[in-house]
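Structural overview
What follows is each chain in one-letter form.
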Amino acid sequence: MSTATPPFHYLAELPPTLEPGAYTFDDYMQLPEGEPVELIRGNLVMSPAPQIDHQVVLSELHSHLRTCAAKVNALALFAPVDVRFANDTVVQPDIVYLADRKRGIGQARVEGAPDLLVEVVSPFNKSRDRKHKLAIYAEYGVPEYWIVDITQREITYLILKAGEYSIQVPKATVYQSPQLAEVTIDEAEFWNRIAELSS
């Protein structure tokens, strides 16, 4: 990579089909620390700082998952944390959850598929989280993926089956992860708490 500032593909401009780019993990590691950039199929993709409502939801959800994780020596991390799937793909999910048996893949960064990834979608990044990242997470075997929609006040719970995600429907308002016994959430209570914090 040259010393010139590399051209970024902004999230709002990501096309429906993203052509493979030329950048690699080595290029990515030359960026300044803390740069809000992901490497998606060889493309450097920059994201603006999230809005306050995004951060409120992320903070509360991370706190909840951290409490779940503490019961079983699991680990719940919040962004920014690098998850490297391949030499051309390094992402920074909003929340990364590693079960006890998977904690070994989290050292300087997470290498490989975590047990659960969470993305809080914003108006500018819906296609990234619902299309591009969904495809990446399925391809590299992330067993569970939550998409949190602030506008609609809903969480979509996706479980990987035979290489594709299918929606897991909660019982009433309570979701129980089928693969992580400690992970459960009462979605009605969660969104009520967000409403209180946002008022």
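Structural data are supplied above this passage.
What counts and how
- Residues numbered from 1 in each chain as written.
- Predicted model: local features only at pLDDT ≥ 70, side-chain atom pairs only at ≥ 80, totals over all residues.
- Heavy atoms only, no water.
- Helix = DSSP H or I, 4+ residues; strand = E, 2+ residues; numbered from the N terminus.
- Rg over C-alpha atoms; globule rule 2.2 N^0.38 Å.
- Buried < 20%, exposed > 50% of the residue type's maximum accessible area, 1.4 Å probe, protein only.
- Contact = heavy atoms within 4.5 Å.
- Lys, Arg positive; Asp, Glu negative; His and termini not counted.
- Charge placed at Lys NZ, Arg CZ, Asp CG, Glu CD.
- Pairing = 2+ DSSP bridges.
- 1 Å grid on protein atoms, 1.4 Å probe; cavity = no way out; pocket = protein on both sides within 12 Å on 5 of 7 lines; lining within 4 Å.
- Points joined across faces, edges and corners; volume = space filled by probe spheres on them.
- Nonpolar A, V, L, I, M, F, W, Y, C, P; charged D, E, K, R; others polar.
- Axes fitted to C-alpha atoms, helices over the stretch in contact; angles between N-to-C directions.
- Parallel < 35°, antiparallel > 145°, perpendicular 65-115°, else oblique.
- Left-handed = near helix turned anticlockwise from the far one by under 90°.
- Polar contact = N/O pair within 3.5 Å; in protein donor to acceptor, adjacent residues only side chain to side chain.
- Phe/Tyr/Trp six-rings, centres within 6.5 Å; stacked < 30°, edge-to-face > 60°.

1. Describing the overall build of the chain
For the chain, the helix and strand inventory stands at four helices and 13 strands. Computed over C-alpha atoms, the radius of gyration of the chain comes to 17 Å, within 12% of the 16 Å expected from 2.2 N^0.38 for 199 residues, which places it in the range of a compact globule. Considering only C-alpha atoms, the chain reaches an extent of 50 × 40 × 30 Å along its principal axes. For the chain, the proportion of its 199 residues judged to be buried stands at 45%. Considering only residue pairs separated by 6 or more positions, the chain has 57% of its internal contacts joining residues 24 or more positions apart. Side chains of the chain give 17 positive and 27 negative charges; the mean places of these two sets differ by 5 Å.

2. Thoughts on the pairing of strand S8 (residues 116-121)
Of all six residues making up S8, six are buried, and the element is well covered by its neighbours. Judged from the three bridges that link them, strand S6 (residues 95-98) and S8 form a sheet pairing that is antiparallel. Bridge assignment links Tyr 97 to a residue of S8, and that residue is Leu 116. By the bridge criterion, six bridges tie S8 to strand S9 (residues 144-149) in an arrangement that is parallel. Directly across from Leu 117, in S9, lies its bridge partner Tyr 145.

3. Re the layout of surface pockets
Of the voids in this model, the largest pocket is the one considered here, and its volume is about 710 Å³. In terms of lining, the largest pocket is formed by 31 residues, of which the most central are Glu 35, Pro 36, Val 37, Pro 80 and Gln 92. Secondary structure elements with two or more residues in the lining of the largest pocket: helix H1 (25-29), strand S1 (37-40) and helix H2 (52-70). Sorting elements by how many residues they give to the lining of the largest pocket places H2 first, with three residues. Class assignment of the residues belonging to the lining of the largest pocket gives a composition of 17 nonpolar, seven polar and seven charged.

4. Looking at the pairing of S6
Going residue by residue along S6, you find Ile 95 and Tyr 97 tucked away on one face and Val 96 and Leu 98 tucked away on the opposite face as well. As judged from the four bridges shared by strand S3 (residues 75-78) and S6, these two strands associate in the antiparallel manner. Opposite Leu 77, over in S6, you have Val 96 as the bridge partner.

5. Section: the packing of H2 against helix H4 (residues 187-198)
Following both chains from N to C, one finds H2 and H4 inclined at 135 degrees, their axes separated by 10 Å at the closest point. Here H4 runs oblique to H2, going by the angle between their axes. Crossing angle aside, the handedness with which H2 passes H4 is right-handed. Where H2 approaches H4, its residues Val 56, Val 57, Glu 60 and Leu 61 are matched on the opposing element by Phe 190, Trp 191, Arg 193, Ile 194, Leu 197 and Ser 198. Looking at the contact of H2 with H4, its residues break down into seven nonpolar, one polar and two charged.

6. Concerning the side chain of Asp 115
Here Asp 115 shows up in the loop between strand S7 (110-111) and S8. Within polar-contact distance, the side chain of Asp 115 engages the backbone nitrogen of Ala 99 at 2.7 Å. When neighbours within four sequence positions are excluded, Asp 115 is seen to be in contact with Tyr 97, Leu 98, Ala 99, Arg 101, Lys 102, Pro 143, Glu 144, Gln 179 and Leu 180.

7. Brief notes about the packing of aromatic side chains
Scanning the model with the defined rule gives eight aromatic pairs in all. Centroid distance Phe 85 to Tyr 137: 5.9 Å. Interplanar angle 50 degrees. Geometry classified as tilted. Of this pair, Phe 85 sits in strand S4 (residues 83-86) while Tyr 137 sits in helix H3 (residues 126-139), and the two are 52 residues apart along the sequence. An identical accessibility class is assigned to Phe 85 and Tyr 137; each is buried.

8. A closer look at the sheet that holds S6
Strands pair in a sheet through their backbones, by hydrogen bonds, and they do so in one of two ways: parallel or antiparallel. An order of S3-S6-S8-S9-S10-S11 is seen for the six strands of this open sheet, with the pairing classed as mixed. Edge positions in the sheet fall to S3 and strand S11 (164-167), since each of these pairs with one other strand and no more. Across the sheet, the mean angle separating the axes of adjacent strands is 20 degrees when strand polarity is ignored. Running over the sheet, H4 touches S9 and strand S10 (154-161) and is turned about 140 degrees from S10.

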